[in-house]
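# Breakdown of the fold
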Amino acid sequence: MTGFGLVLGGGGARGLAHIGVWQVLEDAGLVPQVVAGTSMGGMIGALIAAGVGGQELERLATGVSWRKVFDWRPSTGLRLTLMDSWLEAHLPRTFEDLSLPLAVTATDMLSGRGVYLTRGDLHAAVRATIAYPGALEPVPLGDMLLTDGGVLNQVPVDAALFLGVRRMLAVDVTAASPLELQERRLLLWKREAHLGSVQALRRAVEIMQAQLTDARLSLYRPDVLLRPQLGSIDLQSFARAQEAIQAGREAALAELPALLAALG
């Protein structure tokens, strides 16, 4: 297959940087042949594959209360009614109704394997790829019980290869940078040596994902890899959507000559 694949990594609110990248690609006339994504990258990838433009994506991202769509308090599960209505309003029902081929990744909790979702029920696939462990309930699909694809495959270049393209742009928004603590929290941490159970769990997952992502990218090398500078924007920083989108724009603009040379 000619053309290139657009690969969008997971990262919660950090994944909103993908919108800024897509805006730059659109302006440059760089339209992918296929899209692959994990977690928030899977959701945004599905919208791109459905034909949603960059400006409309920004409007959606800044106009929705993500905390009402996602209830990420531990052990409460996913508010399916809110998520289902949002998906119904913005995405077609099936992969086959998309404008571009799409693959999203998920992790089967029963077999322990990563899976590509490329056909059939698109809404179930999106719910599965964003089902962050411990915060959102796994999604039953066929004989599988699916959770967030980022557990095993945070930047799924291999999923785009599976769809048949050979040239690749990948966007990695994994939080690999050192942990930043506000001054007061830093003083408390030094005194008590305590991050809190939820923050400690999330930080452990971030470290694991960053290491695994680097290892996978050494096996499946994209032609261009973008890593937007997102600083202290974390998994749940949806109020900082504009900052994340701007970081994506800046990362893509900085590499635009390389993008045009490799993918144009």
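Residues numbered from 1 in each chain as written. Predicted model: local features only at pLDDT ≥ 70, side-chain atom pairs only at ≥ 80, totals over all residues. Heavy atoms only, no water.

Looking at an unreviewed UniProt entry, one finds the protein chain named Patatin and attributed to Deinococcus ficus.

### Focus: the pairing of strand E4 (residues 114–117)
Only one face of E4 is covered, namely the face carrying Val 115 and Leu 117; the face carrying Gly 114 and Tyr 116 is uncovered. Connecting the antiparallel pair strand E3 (residues 102–108) and E4 is a turn made up of five residues, with Gly 112 showing a positive phi of about 80°. (Buried < 20%, exposed > 50% of the residue type's maximum accessible area, 1.4 Å probe, protein only. Helix = DSSP H or I, 4+ residues; strand = E, 2+ residues; numbered from the N terminus. Pairing = 2+ DSSP bridges.)

### Some details on the UniProt feature "short sequence motif: GXGXXG" (unreviewed entry) in the protein chain
With numbering matched to this structure, UniProt assigns "short sequence motif: GXGXXG" (unreviewed entry) to residues 10–15. Here residues 10–15 runs as 0% helix and 0% strand, with 6 Å between its end C-alpha atoms. (UniProt positions renumbered as here; feature names shortened; annotations may be inferred.)

### Quick notes on the pattern of salt bridges
According to the stated counting rule, one finds six salt bridges in the structure shown. In this structure, Arg 59 and Glu 56 form a salt bridge, with 2.6 Å as the shortest nitrogen-oxygen distance. Taken together, the residues span about one helical turn, with Arg 59 and Glu 56 both in helix H3 (residues 54–63) at a distance of three residues. The partner of Glu 243 in a salt bridge is Arg 240, with the nearest N and O atoms 3.0 Å apart. (Salt bridge = Lys/Arg side-chain N within 4 Å of Asp/Glu carboxyl O.)

### Things to note about the packing of aromatic side chains
Counted by the stated rule, this structure contains one aromatic pair. Ring centres of Tyr 116 and Phe 162 lie 5.0 Å apart, and the angle between their planes is 45°; this geometry places the pair in the tilted category. Within this pair, whereas Tyr 116 is found in strand E4, its partner Phe 162 is found in helix H7 (residues 157–162), the two being separated by 46 residues in sequence. Given the relative accessible area of 52%, Phe 162 is considered exposed. (Phe/Tyr/Trp six-rings, centres within 6.5 Å; stacked < 30°, edge-to-face > 60°.)

### Quick look at the nonpolar core
Membership of the largest hydrophobic core comes to 62 residues, with the highest contact counts inside it found for Leu 16, Met 43, Trp 66, Phe 70, Leu 102, Leu 117 and Leu 169. With seven residues, the single largest contributor to this core is helix H2 (residues 40–49). Not counting chain neighbours up to four residues away, the residues in contact with Met 43 comprise Trp 66, Phe 70, Met 83, Trp 86, Val 126 and Ile 130. Val 7, Ala 36, Ala 159 and Ala 170 belong to the second largest nonpolar core, which has 13 residues in total. (Core = buried A, V, L, I, M, F, W, Y, C linked by side-chain atoms within 4.5 Å. Contact = heavy atoms within 4.5 Å.)

### With respect to the pairing of strand E7 (residues 167–171)
Of all the five residues making up E7, four are buried; the element is thus mostly covered by neighbouring parts of the structure. As paired strands, strand E1 (residues 4–8) and E7 are joined by five bridges and run parallel to one another. Counterpart to Gly 5 in the pairing with E7 is Met 168. Both E7 and strand E8 (residues 224–226) contribute to a ladder of three bridges, which runs parallel. Paired with Val 171 across the strands is Leu 226, a residue of E8.

### A word on H3
The set of residues buried in H3 consists of Gly 54, Leu 57, Glu 58, Leu 60 and Ala 61. One side of H3 holds all its buried residues, which, seen down the axis, span an arc of 165°. Away from the buried face of H3 by more than 90 degrees, exposed residues Gln 55 and Gly 63 are located. (Arc of directions from axis to C-beta.)

### Some remarks on the packing of helix H10 (residues 241–254) against helix H11 (residues 256–263)
Contact pair H10 / H11: the axes reach a minimum separation of 4 Å and the direction vectors enclose 65°. Counting all contacts with H10, which are made through Ala 252, Leu 253 and Ala 254, the residues of H11 involved are Leu 256, Pro 257 and Leu 259. Split into classes, the residues belonging to the contact of H10 with H11 amount to six nonpolar, no polar and no charged. (Axes fitted to C-alpha atoms, helices over the stretch in contact; angles between N-to-C directions. Nonpolar A, V, L, I, M, F, W, Y, C, P; charged D, E, K, R; others polar.)

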